[in-house]
Structures are given as structure tokens and as C-alpha cells.
Amino acid sequence: MNIPINQYQNSRALFERACKVIPSGIYGHLGPAEGCMIPVEAFPLYCDHAKGSYFWDVDGNRFIDYMCAYGPNILGYNDPEVDEAARKQFEKGNCTTNPSPVMIDFAELLVDTVKSAEWAFFAKNGNDVTSLAVMAARAHTHRKKIVFFRGYYHGVSPWTQKIDYPGILPEEVCHNIYVPWNDIEALKEVFASYKGEIAAVIGQPYMHGNFADNELPADGFWQQVRALCSAEETVLIVDDVRAGFRLDLQGSDHYFGFEADLICFCKALANGYNVSALCGKNFLKNTVSGLTYTGSYWMSAAPFAAGIACIEKMKRLNLPALLREKGKKLTDGLVQIASEEGFHLVASGAPALFYLRTADDDSLMLHQAYIAQMVRRGVFMTNHHNHFINAALSDADIEYTFKVAKEAWAAVKAAL
């Protein structure tokens with residue numbers, strides 16, 4: 001099979017226009033180089049339309065999308081049930097002076113669905129709710145220090161960044177404490193060193209960072225963290241923005257056998273409609289009520305309706321099991337094909353949001369060359385980020401991905 005190689009003339013022309021009026025042309029994690037889309041010339045830059053497990057770029061190239069808009073596409077692009085629920089609510093009203101009752105319906109559904117949730121507070125981005133969680137922990141405990149696990153990502157607010165990042169003031173991060181993932185002894189040492197000073201421990205349910213194999217929690221790790229936080233009256237925050245609903249519809253804390261005090265959701269919450277949620281325990285509800293924290297569009301109703309439809313459909317599909325099955329079939333096949341072609345591809349993390357690394361090459365160039373060849377043939381991935389599975393991904397899509405993978409490795413070998 002000889003798969004055509006994509007060309008991106010329209011994308012390049014649009015990017016030249018964009019650079020004149022938009023910082024970086026495309027900023028943030030969707031920007032070409034910052035998004036690890038390297039070499040840049042292998043990647044499309046603008047999308048024309050999307051449906052199911054595919055998107056089409058402005059040059060007419062179709063891609064099987066394993067980035068899923070970096071997570072929000074959980075059911076498939078333009079899911080008809082979710083879109084219809086949003087459309088009906090748009091007709092009634094979306095961003096209005098008073099909130100719609102659908103906000104209550106959505107909160108009740110989350111409380112009924114997420115094991116550790118006794119209330120829900122809505123915003124727009126994952127960063128909104130991780131920031132609210134940290135604010136609430138500090139307000140409740142009257143403490144300043146926050147413990148992070150190294151390799152974390154919790155958003156882009158100053159408190160989430162590092163002291164040497166542009167625009168970050170030392171006082172914005174001076175109360176951050178960093179410990180290794182899965183190292184309970186290091187966490188105990190921190191609590192002993194800062195007795196009575198730690199407001200919160202914040203962590204992803206498992207370490208799904210970039211530029212490193214993803215790492216699940218060690219047996220008993222989260223249970224020990226939970227016990228330590230309870231004993232020290234420290235708030236335990238789970239950032240489930242990326243993994244939420246992909247592992248367990250009751251929350252990733254439930255999947256790993258513990259309960260968070262605060263849990264943050266966003267990406268899969270409404271299949272691409274812009275809403276995020278902080279859920280938590282009742283002992284923190286009054287604290288959150290007392291915070292000055294809101295946004296112009298945070299109570300817009302259409303995303304709430306979309307979120308209800310999305311969660312209800314995920315339940316009917318038994319979505320986590322479906323994604324595990326699809327993800328395991330895909331990653332097992334990709335690893336096997338690489339081996340047959342003489343390369344060592346490593347797949348790590350949960351199959352529903354897997355991470356790929358080509359071993360035996362510390363320069364990273366080999367893996368980047370492989371991903372570039374995949375993208376040029378219509379399978380969209382990026383180099384150093386976890387990937388996502390959505391419910392619309394078909395067995396035929398997976399089989400096509402395998403065909404592309406074989407050609408991609410052949411092209412890499414030819415180049416070498």
C-alpha cells in the first residue's frame with residue numbers, strides 16, 4: 001500500500017497571515033513548535049472541519065485524530081446527541097443575566113456520578129478550577145504551602161509555573177514544594193519539615209507528563225497520601241482535567257481506590273463545549289462560597305446541557321471499558337509493528353490516554369521522525385505528549401493506523 005503524502009500550502013499561507021496579527025501565529029500548546037509538532041513542516045496548522053474520529057485540514061487532508069483536541073473530544077467530533085442538547089439550550093438562552101436551571105441539573109448529575117463529589121462549581125478551563133482548588137485549600141486551612149509532584153502540569157496561572165519562567169515573580173511560587181512522584185517517604189519528610197504549614201497536596205491521578213514514560217501510582221501510594229493529608233488536616237486535590245472520565249466515570253480517584261477532597265474536571269466533561277468543574281466535599285463548600293471567583297461566561301447554559309448529554313452517553317457506552325479496549329488494541333499493535341520493523345516503541349500510561357516513546361535514542365530525533373511520517377500520511381499525533389482515544393474510533397481506523405505505521409517506519413529506515 002502506498003499512502004499519499006500530505007501537502008500543506010493553505011496552512012502555511014494562513015500561518016503567514018496569522019503571524020502578522022496574533023502572537024506566535026498560533027500560541028500555547030497548539031502552536032507548532034511549542035506543541036512539539038517537530039519538524040513543523042510535517043504538520044497541518046489549521047482545521048477546516050471535523051467529524052467522529054477525524055478532522056480535515058484547510059488543504060483537504062483527512063486525519064485520524066489521536067490528540068482529540070488535546071482531550072475534549074471524548075465521544076467523537078460533532079456527536080449528534082451532545083450537539084442537539086446544546087442546540088436546544090441555545091434556542092432557549094445561553095449567556096443570560098440569571099443562570100438557567102440546567103446548571104442545577106448538571107451539578108446534580110455530577111454529584112450523582114462522581115464518587116467524591118458533594119457539590120459542583122463551574123468555570124471554563126481546567127486552569128480555572130485548579131486555581132480555585134488551591135485558593136479554597138489556602139482559605140480553608142489558613143496555610144500557604146502547596147505540594148506538587150515533579151513532572152506535574154496543573155495549568156498556566158503563575159502559581160503553577162517555575163521561578164525562572166518569563167513573567168513569574170518569586171513570591172508567586174515561593175510557597176511551592178516539589179516531591180518525586182510515587183515517593184511517599186519524601187512526602188512524609190516534607191510534612192515533617194513544614195509541620196502545620198501545608199495547605200494542599202495537588203496531583204494528577206497518575207503521572208502523565210511530557211518527555212517521559214507515563215507512570216501509574218505504586219500500590220498503596222494514594223492510600224498513604226490520603227491518610228497523611230487527613231492526619232495533617234491538609235486538603236487533597238486531584239487534577240482530573242486530563243484523565244477524568246477516561247479511566248472511571250466516578251472519577252480517577254475512585255479508579256485508584258481513594259477519595260479526593262477536591263477534584264478538577266474539564267476536557268471530557270462536555271465533548272468540546274467549554275465548561276470545567278470543581279467538585280468537592282461538603283466541609284469545603286462554605287469556603288468556596290466565600291471566595292471572590294467568577295467569570296463572564298462561567299454560567300452559560302448550552303455547555304451545561306452538552307455536559308449532561310455527554311455524561312449520560314458515556315454511562316450508556318460504559319465508556320472507560322470501551323476506551324481501554326480500543327487503546328490496548330492500538331498500542332499493542334503499534335509496539336508490535338515497530339518491533340517487526342526493527343525499532344523499540346514504548347507505550348506507557350493508561351491505554352485511554354497513552355504515551356509513546358521510541359527507545360534507544362536520547363536525542364529524541366528518531367521518535368520525532370516517526371511521528372512526522374505518521375502525520376504526513378494522515379494519522380495525527382504529536383511527539384512528546386500523551387495521546388487520546390475517543391468512542392468514535394473504529395476498528396477500521398485502527399487497522400489503517402497500523403498500515404500507516406508500517407510505511408512510517410519504512411520511511412524512517414530509508415532516511416537513516
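Keep in mind the model is a prediction, meaning the values are calculated, not measured.

Quick question: what am I supposed to make of the overall build of the chain here?
Helix and strand counts for the chain stand at 13 helices and 13 strands. Compactness check: the chain gives a C-alpha radius of gyration of 22 Å against a globular reference of 22 Å for 416 residues, within 12% of the reference. Summarising its shape, the C-alpha atoms of the chain cover approximately 60 × 55 × 45 Å along the three principal directions. Taking the intrachain contacts of the chain between residues at least 6 apart in sequence as the baseline, contacts between residues at least 24 apart amount to 75%. One finds the centroid of the 37 positive side-chain charges in the chain at a distance of 2 Å from the centroid of its 47 negative side-chain charges.

Hey, could you run me through the sheet that holds strand E1 (residues 47-51) in this one?
For sheets, the rule is that strands pair by backbone hydrogen bonds, running either parallel or antiparallel. One open sheet holds the four strands; their spatial order is E1-E2-E3-E13, and the pairing between them is mixed. Whereas interior strands pair on both sides, the edge strands pair on one side only; in this sheet they are E1 and strand E13 (379-380). As judged from the three bridges shared by strand E2 (residues 54-57) and strand E3 (residues 62-65), these two strands associate in the antiparallel manner. Within the sheet, the bridge partner assigned to Phe55 lies in E3 and is Phe63.

Help me out: how do you make sense of helix H2 (residues 80-92) in this one?
An α-helical turn contains 3.6 residues, so a residue and the one three or four places further along point in the same direction. With 13 residues, H2 should cover 18 Å at 1.5 Å per step; its first-to-last C-alpha distance of 19 Å lies within 8% of that length. Looking at the packing, one finds that the buried side of H2 touches helix H3 (102-113) and helix H10 (301-317). Residue Asp79 occupies the N-cap position of H2, its side-chain oxygen lying 3.1 Å from the main-chain nitrogen of Glu81. One or two positions beyond H2, positive phi appears at Gly93, with a value near 150°.

What is the right way to read the pairing of strand E10 (residues 276-280) from this model?
Consecutive side chains of a regular strand alternate in pointing toward one face of the sheet and then the other. By the criterion of burial, E10 is predominantly enclosed, with five of the five residues buried. What you see with E10 is no split at all: Ser276, Leu278 and Gly280 on one side and Ala277 and Cys279 on the other are buried throughout. The pairing of strand E4 (residues 119-123) with E10 spans five bridges and is antiparallel. Paired with Phe122 across the two strands is Ala277, which belongs to E10. Looking at chain direction, strand E9 (residues 262-265) and E10 are connected through four bridges and run antiparallel. Across the sheet, the residue bridging to Cys264 is Leu278, located in E10.

Explain the packing of H3 against H10 here, please?
Between two packed helices, both the angle of their axes relative to each other and the distance between the axes serve to describe the pair. Interhelical geometry of H3 versus H10 gives an angle of 30° and a closest axis separation of 9 Å. By the angle between their axes, H3 is roughly parallel relative to H10. Our pair here, H3 against H10, has a crossing hand that is left-handed. In contact with Val102, Met103, Asp105, Phe106, Leu109, Leu110 and Thr113 of H3, H10 contributes Ala301, Phe304, Ala305, Gly307, Ile308, Ile311, Glu312 and Lys315. A per-class count over the contact of H3 with H10 returns ten nonpolar, two polar and three charged.

Whenever I open this one, unusual backbone geometry confuses me. Can you help?
It is generally the case that most residues other than glycine have a negative phi and that most peptide bonds are trans. Here the residue pair Ile38 and Pro39 is connected by a cis peptide bond, since its omega of 0° sits within 30 degrees of zero. One can find Pro39 in the loop between helix H1 (9-21) and E1. One non-glycine residue, Asn182, lies in the positive phi region at around 70°. Along the polypeptide, Asn182 turns up in the loop between strand E6 (176-179) and helix H6 (184-193).

Would you mind showing me how to read the sheet that holds strand E7 (residues 198-203) here?
The seven strands are arranged E4-E10-E9-E8-E7-E5-E6 in an open sheet whose pairing can be described as mixed. A strand with exactly one partner marks an edge of an open sheet, and here the two such strands are E4 and E6. Put simply, the sheet's adjacent strands are angled 20° from each other on average, direction ignored.

The rules behind each value
Residues numbered from 1 in each chain as written. Predicted model: local features only at pLDDT ≥ 70, side-chain atom pairs only at ≥ 80, totals over all residues. Heavy atoms only, no water. Helix = DSSP H or I, 4+ residues; strand = E, 2+ residues; numbered from the N terminus. Rg over C-alpha atoms; globule rule 2.2 N^0.38 Å. Contact = heavy atoms within 4.5 Å. Lys, Arg positive; Asp, Glu negative; His and termini not counted. Charge placed at Lys NZ, Arg CZ, Asp CG, Glu CD. Pairing = 2+ DSSP bridges. Expected span 1.5 Å × (residues − 1). Polar contact = N/O pair within 3.5 Å; in protein donor to acceptor, adjacent residues only side chain to side chain. Buried < 20%, exposed > 50% of the residue type's maximum accessible area, 1.4 Å probe, protein only. Axes fitted to C-alpha atoms, helices over the stretch in contact; angles between N-to-C directions. Parallel < 35°, antiparallel > 145°, perpendicular 65-115°, else oblique. Left-handed = near helix turned anticlockwise from the far one by under 90°. Nonpolar A, V, L, I, M, F, W, Y, C, P; charged D, E, K, R; others polar.

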